[in-house]
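Results of the structural survey
Given next are the chains, with one letter for each unit.
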Protein chains: 2
Amino acid sequence: MQTDRWPGLELRHLIALRAIAAEGSFGRAATSLGYTQSAISQQIAALERIVGTRVVSRPGGPRRVSLTEAGRVLQCHAEGIDARLQAAYADVAALAAGSAGPLRVGTYQSVGARVLPTLLRRFGTAWPDVDVSLTESADDGELLALVECGELDVSFCVLPMPAGPFEAVELLRDPYVLVVPAGSPLARRVRPPTLSELVELPLIGYRQCRTALKVESHLRVAGREPRIVFRSDDNGTVQGLVAAGVGVALVPRLTVDASDPAIALVEPGGQIPPRLIGLAWHRDRRRSPAAAALVEEARAVCREFEGRTAAA
Amino acid sequence: MQTDRWPGLELRHLIALRAIAAEGSFGRAATSLGYTQSAISQQIAALERIVGTRVVSRPGGPRRVSLTEAGRVLQCHAEGIDARLQAAYADVAALAAGSAGPLRVGTYQSVGARVLPTLLRRFGTAWPDVDVSLTESADDGELLALVECGELDVSFCVLPMPAGPFEAVELLRDPYVLVVPAGSPLARRVRPPTLSELVELPLIGYRQCRTALKVESHLRVAGREPRIVFRSDDNGTVQGLVAAGVGVALVPRLTVDASDPAIALVEPGGQIPPRLIGLAWHRDRRRSPAAAALVEEARAVCREFEGRTAAA
DNA sequence: AGAGTCGATCATGCAGACTGATCGCTGGCC
DNA sequence: GGCCAGCGATCAGTCTGCATGATCGACTCT
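Here's what I pulled together on the structure shown here. Being a predicted model, the structure only gives us computed values, none of them experimental.

1. Considerations on the overall build of chain A
The helix and strand tally for chain A stands at eleven helices and twelve strands. Within chain A, buried positions represent 49% of all 312 residues. Contacts spanning at least 24 positions in sequence make up 73% of the contacts within chain A whose residues lie at least 6 apart. Accessible surface computed for chain A: about 14,300 Å², of which carbon and sulfur atoms make up 54%.

Structure representation (structure tokens):
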């Protein structure tokens, strides 16, 4: 343990450092932690004595203090340690709940509608004791944040992931399709529309989805700004707007309910890279047998799913 | 910080837990930490009060204590936190040393002889202030352990790496070649020798190299046990033994000094996957500009190197 | 049954963490 | 230019709480 390098270092020192970084002042950090300014002053003094370097630069006078470079490095590691403690807490809590404990899964609409039903049904028969709880969000970054702080055990996500203490497996490649009204002339076309044709169309887009931004910037490569006539994060709404003739939508196939007679799907021409859907978990957390089984089951379900759509 | 989940938790509790896991007894853990048994007893009691679960199972009587499952989970996270603290220490120490500080690089013989000279020469002219110190080992696991505890900044390694808090880039693919004595009939063969022919030959192997084991098990697939007539970890020795006619050696091309007139190189037939050489660093440590530059320079050097050998 | 080993517990002593008050410094304001 | 407000450093005092040492109870092995 750190015994041999930084004897005397305590978590409370790192907590104080972090509070100072957040508040920009010893006094405010103190009140935010329920201490007095004097206590914080002494804690930082102790910390600096331990690490042997100044970690907070005090400009003097009524100016905000800031971390030195060493302080910033230290704070970064403090965040990592904090994350690890959160993971430990989540693990111990999960262990205390036992195998009957909840398995908390993050998901979003498209995955939820297509692969989750099958997955949950199969998993439920294999692990009847585990009760799965779902958390849905339109933005997978939000879900990953919950995974990071231990409030979710696994979560669907779009690959590549933002940086963080995560591990993930790729589940399936979800190609983009163009959703058009059923009667549209586009639906009868033989040649797929090119990227530059796509840019000309009135598009219905998402509001805050990370993948949607990527697709739009992809369209932008064609030279012109895509014309987004409406934004919604609800797949049903997007599809309904297309059916109503408001515009067309370039969306991952999984988000589409293909049985809707009011719309038709068109393969877009330009090579738009498919959306990669994965299943992610906390790198540093213990993988419970149930969670591991869920991941395996999800892979199996998605393999079948891809096989089916490829055959169709 | 953990303030909000486990108030009162201190590093010393985790240290005590770890000592108990290592020693198997409160008393021995106490003496190993310089405490009394009573103190350890109270620390574990406090820890269990904080996390809300028993973390050490005390069988009673003169039997070894052991960690409960929760305890083991906690200890695993404690190791991670310890590693993070070591990384923090290394980072702060490196920062204190300034840009003139040492850049400690782990390497092994073959890389050292072929790519390091060029790399160091170029890096030295670009970063004259940085003094690079080298640590050599025949086993890259040893080097990675030094990276993990912060005593090396970057290290060459063979991919895929053992698990650990590492990141790495692939530098080059190093194909295996068969080293035979210069006069050997093998050197004049047109068709490359097959795997099953290789197994028949007297082989000179390595002693403790992780990659060597992989190659030998690869040969074993051919059905028969390869006949290792001698083992050495020194590339020069291996090559000398081949030259002396003791046997032949199946080694990565980088380890061979091709200018030696006493030996000849033969392309082996069976598809032996090439050795992948990478450069690894600690995932959680700050990448100093010098270290990042070294990595980039190494990639450049190896790209050229591969181009040259591919052309030859 | 007795000896020996181990952890739990209790009273005690003490280090060190926090408090509250005070001082010195700096920048902004009149 | 002088005053004031805000900030951190410092110091003495208090008190929490950690470690100590002795003792007790539990258990195993002989």
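2. Some points on the sheet that holds strand 6 (residues 166-174) of chain A
All names here are of chain A. The strand order 4-3-5-12-6 describes an open sheet built from five strands, whose pairing is mixed. What marks the edges here is a single partner per strand, and that holds for strand 4 (131-136) and strand 6. Mean inter-strand twist for the sheet, computed between neighbouring axes without regard to direction, equals 25°. Pairing between strand 3 (residues 102-107) and strand 4: six bridges, direction parallel. Counted as the bridge partner of Arg104 is Ser133 from strand 4. The strands that helix 6 (residues 116-126) touches are strand 3, strand 4 and strand 5 (154-159); relative to strand 4, the one it contacts most, it runs at about 160°. Helix 7 (residues 140-148) rests against strand 3, strand 4, strand 5, strand 6 and strand 12 (275-282) of the sheet, and its axis sits at about 140° to strand 5.

3. Observations concerning the packing of helix 4 (residues 69-97) of chain A against helix 4 (residues 69-97) of chain B
Between helix 4 of chain A and helix 4 of chain B, the shortest axis-to-axis distance is 10 Å and the interhelical angle comes to 175°. One way to sum up the angle between helix 4 of chain A and helix 4 of chain B is to call them roughly antiparallel. Here the residues of the contact of helix 4 of chain A with helix 4 of chain B sort into 20 nonpolar, four polar and six charged.

4. Focus on the nonpolar core
Counting residues in hydrophobic clusters, the biggest one holds 53 residues, and the most contacted among them are Ile20, Val56 and Leu74 of chain A together with Ile20, Val56 and Leu74 of chain B. Elements supplying a minimum of two residues to this core: helix 1 (11-23), helix 2 (26-33), helix 3 (37-51) and helix 4 of chain A together with helix 1 (11-23), helix 2 (26-33), helix 3 (37-51) and helix 4 of chain B. By residue number, the principal contributor to this core is helix 4 of chain A, which donates seven residues. Leave out the neighbours within four places in its chain, and Leu74 of chain B touches Ala88 and Val92 of chain A together with Trp6, Leu14, Leu17, Leu47, Val51 and Val55 of chain B.

5. Focus on a nonpolar patch on the surface
Among the surface-exposed residues, Val229, Phe230 and Val246 of chain A lie close enough to one another that they form a single nonpolar patch of about 220 Å² accessible area. Judged by its relative accessible area of 41%, Phe230 of chain A is partly exposed.

6. Some points on the protein's contact with DNA strand C
In the vicinity of DNA strand C there are 24 residues, among which Thr36 and Ser38 of chain A together with Phe26, Ser41 and Arg58 of chain B approach most closely. Among all atoms of DNA strand C positioned within 4 Å of the protein, those belonging to sugar or phosphate total 64%. Residue Tyr35 of chain A places a side-chain N or O atom 3.4 Å away from a phosphate oxygen belonging to DNA strand C. At 3.0 Å, a side-chain N or O of Gln43 of chain A approaches a phosphate oxygen of DNA strand C. Only helix 3 of chain A together with helix 2 and helix 3 of chain B provide two or more residues apiece to the surface near DNA strand C. Across the surface near DNA strand C, the residue classes tally to six nonpolar, 14 polar and four charged.

7. A look at the protein's contact with DNA strand D
Phe26, Ser41 and Arg58 of chain A together with Thr36 and Ser38 of chain B are the nearest of the 23 residues found near DNA strand D. Protein-proximal atoms of DNA strand D, defined as those within 4 Å of the protein, fall in sugar or phosphate at a share of 66%. At a separation of 2.6 Å, a phosphate oxygen of DNA strand D approaches a polar backbone atom of Phe26 of chain A. Note that a base oxygen of DNA strand D is positioned 3.2 Å from one of the side-chain N or O atoms of Ser38 of chain A. At the level of secondary structure, the elements contributing two or more residues to the surface near DNA strand D comprise helix 2 and helix 3 of chain A together with helix 3 of chain B. Residue classes in the surface near DNA strand D are distributed as five nonpolar, 14 polar and four charged.

8. Description of the environment of Thr118 of chain B
By the element assignment, Thr118 of chain B lies in helix 6 (residues 116-126). Look at Thr118 of chain B and you get partly exposed, because its relative accessible area is 23%.

9. Side note on the interface of chain B and chain A
A common measure of how large an interface is: the accessible area buried when the components associate. In this complex, chain B contributes 39 residues to the contact, which on the side of chain A involves 39 residues. Note on chain B versus chain A: buried area summed over both sides is about 3,800 Å², and carbon and sulfur give 67% of it. In this structure, Glu69 of chain B engages Arg286 of chain A in a salt bridge whose closest nitrogen and oxygen atoms are separated by 2.9 Å. The tally of links from chain B across to chain A stands at eight residue pairs in polar contact (both at pLDDT 80 or more). Going through the elements one at a time, helix 1 and helix 4 of chain B are the ones with two or more residues in the side of chain B that touches chain A. In terms of residue count, helix 4 of chain B provides more of the side of chain B that touches chain A than any other element does, 19 residues in total. Class assignment for the residues of the side of chain B that touches chain A results in 20 nonpolar, six polar and 13 charged.

Thresholds applied
Residues numbered from 1 in each chain as written. Chains lettered and ligands numbered in written order. Predicted model: local features only at pLDDT ≥ 70, side-chain atom pairs only at ≥ 80, totals over all residues. Heavy atoms only, no water. Helix = DSSP H or I, 4+ residues; strand = E, 2+ residues; numbered from the N terminus. Buried < 20%, exposed > 50% of the residue type's maximum accessible area, 1.4 Å probe, protein only. Contact = heavy atoms within 4.5 Å. Areas by Shrake-Rupley, 256 points an atom, 1.4 Å probe, with all protein chains shown as cover. Pairing = 2+ DSSP bridges. Axes fitted to C-alpha atoms, helices over the stretch in contact; angles between N-to-C directions. Parallel < 35°, antiparallel > 145°, perpendicular 65-115°, else oblique. Nonpolar A, V, L, I, M, F, W, Y, C, P; charged D, E, K, R; others polar. Core = buried A, V, L, I, M, F, W, Y, C linked by side-chain atoms within 4.5 Å. Patch = residues over 30% accessible without salt bridge, like charges linked within 9 Å, V, L, I, M, F, W, Y side chains within 5 Å. Salt bridge = Lys/Arg side-chain N within 4 Å of Asp/Glu carboxyl O. Near = heavy atom within 4 Å. Polar contact = N/O pair within 3.5 Å; in protein donor to acceptor, adjacent residues only side chain to side chain. Buried area = accessible area lost by both parts, 1.4 Å probe.

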